[in-house]
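Observations on chain architecture
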Amino acid sequence: QVQLVESGGGLVQPGGSLRLSCATSGGVFRINDMGWYRQSPGKERGLVATISTDGITNFEESLKDRFTISRDNNKNTVSLQMDSLETEDTAVYYCYANILPLGRVYYYDYWGQGIQVTVSS
């Protein structure tokens, strides 16, 4: 059973920093793109950033100067460094990975359970 598990969330003051990490487990054969999305109550889930196996990134434009995405292809993990956090960044953050499972023909989109990030003074 393929699983994605986020860690590193919590409460931080405006202007502070936080680093999210996501680990994959289960019958993973190959991982294509990985990334992060976020969702606030009453809002649609939106892109934060994705990163390809070759390290090519795709950011929500308004976040690219404050957030940094990275991945470790040996450990099958992806991280999100968030700096200069604002109250508007408060959301549930979801890890995403496009994965070819063992014994399967097609790639599937997998999502973590989500982790809360709260930016408040």
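It should be noted that the structure appears before, not after, this text.
So, here is what we can say about the structure in this document. (Residues numbered from 1 in each chain as written. Predicted model: local features only at pLDDT ≥ 70, side-chain atom pairs only at ≥ 80, totals over all residues. Heavy atoms only, no water.)

On to the pairing of strand β8 (residues 77-82), then. Where burial is concerned, most of β8 is hidden: 5 out of the 6 residues are buried. Strand direction decides the pairing type here: strand β3 (residues 18-25) and β8, joined by 6 bridges, are antiparallel. Residue pairing in the sheet places Cys22 in a bridge with Val78 of β8. Bridging between strand β7 (residues 67-72) and β8 involves 6 bridges; their strand directions are antiparallel. Within β8, the residue paired with Thr68 across the bridge is Gln81. Taking the residues between adjacent antiparallel strands as the criterion, β7 and β8 are bridged by 4 residues, where Asn76 takes a positive phi near 55°. (Buried < 20%, exposed > 50% of the residue type's maximum accessible area, 1.4 Å probe, protein only. Helix = DSSP H or I, 4+ residues; strand = E, 2+ residues; numbered from the N terminus. Pairing = 2+ DSSP bridges.)

All right, on to the state of the cysteines then. What the rule picks out here adds up to 1 disulfide. Between the sulfur atoms of Cys22 and its disulfide mate Cys95 the distance is 2.1 Å. In this structure, the disulfide formed by Cys22 and Cys95 twists by about -85° around the S-S bond and is classed as left-handed. In this pair, Cys22 sits in strand β3 while Cys95 sits in strand β9 (residues 91-101), placing the two residues 73 residues apart along the sequence. In this pair, the class of Cys22 matches that of Cys95, namely buried. (Disulfide = S-S within 2.5 Å.)

Taken together, Val105, Tyr106 and Tyr108 make up a surface patch of nonpolar side chains, about 370 Å² in accessible area. With respect to the element layout, Tyr106 can be found in the loop between β9 and β10 (108-111). (Patch = residues over 30% accessible without salt bridge, like charges linked within 9 Å, V, L, I, M, F, W, Y side chains within 5 Å. Areas by Shrake-Rupley, 256 points an atom, 1.4 Å probe, with all protein chains shown as cover. Salt bridge = Lys/Arg side-chain N within 4 Å of Asp/Glu carboxyl O.)

Attention now goes to the pairing of β9. A large share of β9 lies buried, amounting to 10 of its 11 residues. Summarising the sheet, strand β4 (residues 28-39) and β9 pair through 9 bridges and their orientation is antiparallel. Following the sheet pairing, Arg30 is matched in β9 by Leu100. Note that β9 and strand β11 (residues 115-119) share 3 bridges and pair antiparallel. Bridged to Tyr93 within β11 is Ile115. Pairing of β9 with β10 involves 4 bridges; the strand directions are antiparallel. Bridged to Asn98 within β10 is Asp109. Hairpin connection from β9 to β10: 6 residues lie between these consecutive antiparallel strands, with Gly103 at a positive phi of about 75°.

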